[in-house]
Amino acid sequence: MGCDGGTIPKRHELVKGPKKVEKIDKNAELIARWSYCALSQEKLRRPIVACELGRLYNKDAVIEYLLDKSAERPNTEVVVHIRGMKDLKELNLTDNPAWEGERANSKGDRYEDLHCAMFICPVVGLEMNGKHKFCFLHTCGCVFSERALREVKTEICHKCGDPFQDDDIMILNGSKEEVERLQRRMEERRARAKAGKKPKKSKAAETVSKPEETKENPAPPKASSSEPKVAEQNGEDGGSSGPGPSSSSSSSSSSKLSKPAAAAGSKRSIQEMAEKSETYKSLFTTHSTAKRTKDQTSNWVTHTPYHF
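Residues numbered from 1 in each chain as written. Predicted model: local features only at pLDDT ≥ 70, side-chain atom pairs only at ≥ 80, totals over all residues. Heavy atoms only, no water.

Before going further, it helps to examine the overall build of the protein. Each helix and strand counted, the protein has 7 helices and 8 strands in total. The buried share among the 308 residues of the protein stands at 21%. Carbon and sulfur atoms make up 54% of the accessible area of the protein, which amounts to about 24300 Å² in all. (Helix = DSSP H or I, 4+ residues; strand = E, 2+ residues; numbered from the N terminus. Buried < 20%, exposed > 50% of the residue type's maximum accessible area, 1.4 Å probe, protein only. Areas by Shrake-Rupley, 256 points an atom, 1.4 Å probe, with all protein chains shown as cover.)

Put into structure tokens, the structure is as follows:
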């Protein structure tokens, strides 16, 4: 086809060779990972949070995703492992005094250093632009360079003083191998947390079952109620075997003590019931206190307006 009008095609136009592999600009990739949100692809701005895999997000973008997961958004596969805000840690970052912001080169008449980062390491002073490895502590959220943690070995945070362990160190924007290692640690941590919740549930079930057992098997009656029965049995045994002065005297004394107590309790209960009944009856008009005397009652007088 073609070649009309004396056109002479060249070889590269007719023969298609192998496609060249497109190389990703490393500088552009570093800027995209360290200066933009992994979910919304917007520029990072405070408050900034990080997940357990070391990715950086804007906090408001993650909250919007958690509130409405059905909405169509780009890069949703990046946040599949995030179940809630508990899986994120707000970062305690140190500002870079050399960073002037976006308005410094608004006219475009000066050189703009793309590797000048917003944040730096508070110990060594390295810029957080991707050329150096950075970590954050899962306990407090403070961010340091890996060099600072390697050179100044301590078990206390350099910035806030909170204690931490080696498992609490999370690498930010690590390589594939480092991300896989962090993912295994995340799964182990979640498995331990789930296993720790099961014993608590079993303890709660035991506490619930104990009251049910007490209801099914009530406690034995008190000794006071069983004393008269024991006294009667002793009296019968004594009558069959022979006179027992000690048993008869103890039973008579206990009966004498119990009778006045029962009588006093019955009198009090009768008085209380009477008082309660009187107060209850006084609420109605049929009670004697609500009735009027003859002096209080008045005669009915008919009134017609014809007298005026």
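What follows continues from the structure just given.
Taken as a whole and assessed by the stated rule, the structure comprises 9 salt bridges. As a salt-bridge pair, E178 and K133 come within 2.6 Å of each other at their nearest N and O atoms. Of the two residues, E178 sits in helix α5 (residues 176-216) while K133 sits in the loop between β5 (119-120) and β6 (134-137), which places them 45 residues apart along the sequence. Classification of E178 as buried rests on a relative accessible area of 9%. Look at K133 and you get partly exposed, because its relative accessible area is 42%. (Salt bridge = Lys/Arg side-chain N within 4 Å of Asp/Glu carboxyl O.)

Let us now look at helix α3 (residues 59-67). Structural remark: α-helix, 3.6 residues per turn; residues separated by three or four positions point the same way. Of all the residues in α3, the buried ones are A61, V62 and Y65. Around the axis of α3, the buried residues are gathered within 95° of arc, so they sit on the same side. The elements touched by buried residues of α3 are β1 (48-50) and β2 (56-58). (Arc of directions from axis to C-beta. Contact = heavy atoms within 4.5 Å.)

On to the sheet that holds strand β7 (residues 143-145). One open sheet holds the 3 strands; their spatial order is β7-β6-β8, and the pairing between them is antiparallel. At either margin of the open sheet sits one strand with a lone partner, and together these are β7 and β8 (169-171). On average, each strand axis in the sheet is inclined to that of its neighbour by 35°, with strand direction left out of account. Alignment of β6 against β8, held across 3 bridges, turns out to be antiparallel. (Pairing = 2+ DSSP bridges. Axes fitted to C-alpha atoms, helices over the stretch in contact; angles between N-to-C directions.)

Okay, the sheet that holds strand β3 (residues 89-90) next. Strand order across the open sheet formed by 3 strands is β2-β1-β3, with antiparallel pairing between neighbours. Only two strands of the sheet have a single neighbouring strand rather than two, namely β2 and β3. Here β1 runs beside β2; their pairing, made up of 3 bridges, is antiparallel. Note on β2: the bridge partner recorded for A50 is L56. Docked against the sheet, α3 engages β1, β2 and β3, running at close to 80° with respect to β2.

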